[in-house]
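Spelled out from the first residue to the last, the chains are:
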Amino acid sequence: MLQDWSNLLAPAVQDRICLMLNHVISRESVAMDRLRLFAGRQVLVHLRGWPALLPPAPDLVLAITPAGLFERVDQAQGEPLRIEIDASNPALMALSTLSGQRPEVNVSGDVALAGAINWLIENLRWDIEDDLAALVGPMAAHQLARWSRTAGAALAALVKSAAAVMPGGRASA
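Conventions and cut-offs
Residues numbered from 1 in each chain as written. Predicted model: local features only at pLDDT ≥ 70, side-chain atom pairs only at ≥ 80, totals over all residues. Heavy atoms only, no water. Helix = DSSP H or I, 4+ residues; strand = E, 2+ residues; numbered from the N terminus. Polar contact = N/O pair within 3.5 Å; in protein donor to acceptor, adjacent residues only side chain to side chain. Contact = heavy atoms within 4.5 Å. Pairing = 2+ DSSP bridges. Axes fitted to C-alpha atoms, helices over the stretch in contact; angles between N-to-C directions. Core = buried A, V, L, I, M, F, W, Y, C linked by side-chain atoms within 4.5 Å. Buried < 20%, exposed > 50% of the residue type's maximum accessible area, 1.4 Å probe, protein only. Phe/Tyr/Trp six-rings, centres within 6.5 Å; stacked < 30°, edge-to-face > 60°. Lys NZ or Arg CZ within 6 Å of the ring centre and 35° of its normal. Expected span 1.5 Å × (residues − 1). Arc of directions from axis to C-beta.

1. Considering the side chain of Gln-42
1) Next: Locating Gln-42 in the fold gives a position in strand β1 (residues 42–48).
2) Next: A distance of 2.7 Å separates a polar side-chain atom of Gln-42 from the backbone nitrogen of Gln-77.
3) Next: In this structure, Gln-42 is in contact with Val-61, Leu-62, Ala-63, Val-73, Gln-75, Ala-76, Gln-77, Pro-80, Leu-81 and Leu-113, ignoring residues within four places of it in sequence.

This is the structure:
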């Protein structure tokens, strides 16, 4: 039963991830220009070490469109750029990501495409305050963003201290 829900839910979650990525990328024409060079290529994201107790996490396969954005596809064709993310502890991975740390990642495939993806990761950030301003106005958005930064700093400190005491944890922030 849980497997059925996972099969139904995973594509919807992956579609939302793709929409979010495209939202961030579409705000920077330089990012779209970099991806346009790789139109037709694919990126496969695999969560390595996903706990067996959780519903399976299928691979996310993204095709690069001629517009320089991503489109989720069901199966990889040819040799996609393969990105493996250490997901052996999903809770710690989520907390670490929210606090600005990157999980352990292995990349294999086209070096030029890997460089473009790395550039996106290094240089693009979601401007949450700007998106919130469209919904609640600039003053409220600024206050919410300020509270979020404070909470993020506290979360980063929590993750750092938790990682220091957990087996296999990373203590650097």
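2. A closer look at the sheet that holds strand β4 (residues 81–86)
1) Next: A sheet is described by the order of its strands in space; here 5 strands give the open sequence β3-β2-β1-β4-β5, paired in mixed fashion. Sheet topology places β3 (70–73) and β5 (105–108) at the edges, where each strand pairs with a single neighbour. Between one strand axis and the next, the sheet turns through 25° on average, direction left out of account.
2) Next: The sheet contact formed by β1 and strand β2 (residues 60–64) spans 4 bridges and is antiparallel. Bridge assignment links Val-45 to a residue of β2, and that residue is Leu-60.
3) Next: Each of β1, β2, β3, β4 and β5 touches helix α4 (residues 111–123); the most contacted strand, β4, lies at about 50° to it.

3. What to know about the nonpolar core
1) Next: Core analysis: the biggest nonpolar cluster contains 24 residues, and Ile-25, Leu-35, Val-43, Phe-70, Leu-113, Ile-117 and Leu-120 have the highest contact counts within it.
2) Next: Only α1 (2–26), α2 (29–36), β1, β2, β4 and α4 provide two or more residues apiece to this core.
3) Next: Broken down by element, the residue count for this core peaks at 4 residues, all from α4.
4) Next: With residues near it in sequence (within four places) discarded, Ile-25 still touches Ala-31, Met-32, Leu-35, Gly-68, Leu-69, Phe-70, Leu-120 and Leu-124.

4. What to know about the packing of aromatic side chains
1) Next: Considering all chains together, one arrives at 0 aromatic pairs under this definition.
2) Next: Sitting above the plane of the Trp-119 ring, Arg-34 keeps its charged end 4.1 Å from the centroid.

5. Remarks on α4
1) Next: The terminal C-alpha atoms of α4, which comprises 13 residues, lie 18 Å apart, in line with the 18 Å expected from a rise of 1.5 Å per residue.
2) Next: All buried positions along α4 are accounted for by Leu-113, Ala-116, Ile-117 and Leu-120. Looking down the long axis of α4, one finds its buried residues gathered within 95° of arc, a one-sided arrangement.
3) Next: Between a side-chain oxygen at the N-terminus of α4 and the backbone nitrogen of Ala-112 the separation is 2.7 Å; the capping residue is Asp-110.

None of this, on its own, says anything about what the molecule does.
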